[in-house]
Amino acid sequence: MGAVAVTSEQDVWGASRSFIRRMLDHFIVKVGRKPYLILFKEAFDDGYNSFSLYDLPHDEYMEFLHLVEEYAKEKELSSNESEISIADIKLINDLAERMRKGIHGVT
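Okay, so let's go over this structure. (Residues numbered from 1 in each chain as written. Predicted model: local features only at pLDDT ≥ 70, side-chain atom pairs only at ≥ 80, totals over all residues. Heavy atoms only, no water.)

## Description of the overall build of the chain
Stage number 1. Counting secondary structure elements, the chain contains 4 helices and 3 strands.
Stage number 2. Written out in order from the N terminus, the α and β elements of the chain read β-β-α-α-β-α-α.
Stage number 3. Whereas a compact globule of 107 residues would reach a radius of gyration of roughly 13 Å, the chain reaches 13 Å, a difference of no more than 12%.
Stage number 4. Structurally, the chain occupies a C-alpha span of about 35 × 30 × 25 Å along its principal axes.
Stage number 5. Considering the chain as a whole, with its 107 residues, one finds that 37% of them fall into the buried category.
Stage number 6. Surface summary for the chain: the accessible area is close to 6100 Å², and the carbon and sulfur share equals 51%.
Stage number 7. Each charge class in the chain can be summarised by its mean position, and for the 13 positive and 19 negative side chains these summaries are 3 Å apart. (Helix = DSSP H or I, 4+ residues; strand = E, 2+ residues; numbered from the N terminus. Rg over C-alpha atoms; globule rule 2.2 N^0.38 Å. Buried < 20%, exposed > 50% of the residue type's maximum accessible area, 1.4 Å probe, protein only. Areas by Shrake-Rupley, 256 points an atom, 1.4 Å probe, with all protein chains shown as cover. Lys, Arg positive; Asp, Glu negative; His and termini not counted. Charge placed at Lys NZ, Arg CZ, Asp CG, Glu CD.)

## What about the environment of N49?
Stage number 1. Within the secondary structure layout, N49 lies in the loop between α2 (35-45) and β3 (50-52).
Stage number 2. Sequence separation between N49 and W13 is 36 residues, and the spatial gap between their C-alpha atoms is 12 Å.
Stage number 3. Once residues within four sequence positions are removed from consideration, N49 is found in contact with M1, G2, A3, R17, A43 and F44.
Stage number 4. Polar contacts involving the side chain of N49 include one to the side chain of R17, which spans 3.0 Å. (Contact = heavy atoms within 4.5 Å. Polar contact = N/O pair within 3.5 Å; in protein donor to acceptor, adjacent residues only side chain to side chain.)

## With respect to the pairing of strand β1 (residues 2-5)
Stage number 1. Sheet analysis places β1 next to strand β2 (residues 12-15), joined by 4 bridges and oriented antiparallel. Considered in β2, the bridge of A5 is made with V12.
Stage number 2. Counted along the chain from β1 to the antiparallel partner β2, the turn is 6 residues long.
Stage number 3. Pairing analysis gives 3 bridges linking β1 to β3, with the strands arranged parallel. What sits directly across from A5, in β3, is S52. (Pairing = 2+ DSSP bridges.)

## Side note on the pattern of salt bridges
Once the charged atoms of two side chains with opposite charge are near each other, the side chains can pair.
Stage number 1. Scanning the model with the defined rule gives 10 salt bridges in all.
Stage number 2. Each of R21, D25, K41 and D45 takes part in salt bridges that share partners, so that together they form one network. (Salt bridge = Lys/Arg side-chain N within 4 Å of Asp/Glu carboxyl O.)

## Some remarks on the sheet that holds β2
Stage number 1. Reading across the sheet, the 3 strands line up as β2-β1-β3 and stay open at both edges, with mixed pairing between neighbours. The strands lining the two open edges of the sheet, one partner per strand, are β2 and β3. Neighbour-to-neighbour, the strand axes of this sheet turn through a mean angle of 15 degrees, independent of strand direction.
Stage number 2. Running over the sheet, helix α1 (residues 17-31) touches β1 and β2 and is turned about 100 degrees from β2. (Axes fitted to C-alpha atoms, helices over the stretch in contact; angles between N-to-C directions.)

See below:
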């Protein structure tokens, strides 16, 4: 299990380690090896299985939110049901919603 602190240490989103790593791999392919994505991925590769999004600078936080939203849309439109489940899409959308609330100061 992996944990991502979204807007604070108390606002934790969780998913399987493999799910988070697949998502991060997808983001890295999409936008390149950005330092914050590499740190995030290495935290999971090294077994820490946690990362704090709220520590990111605003522009990186916003970019990550955009990647999460795009990922959810891509998976919703995917015709390959074995690739991702409805539960996984709900999980991705939950992360995006938590991040959007963090932009507006709602935790």
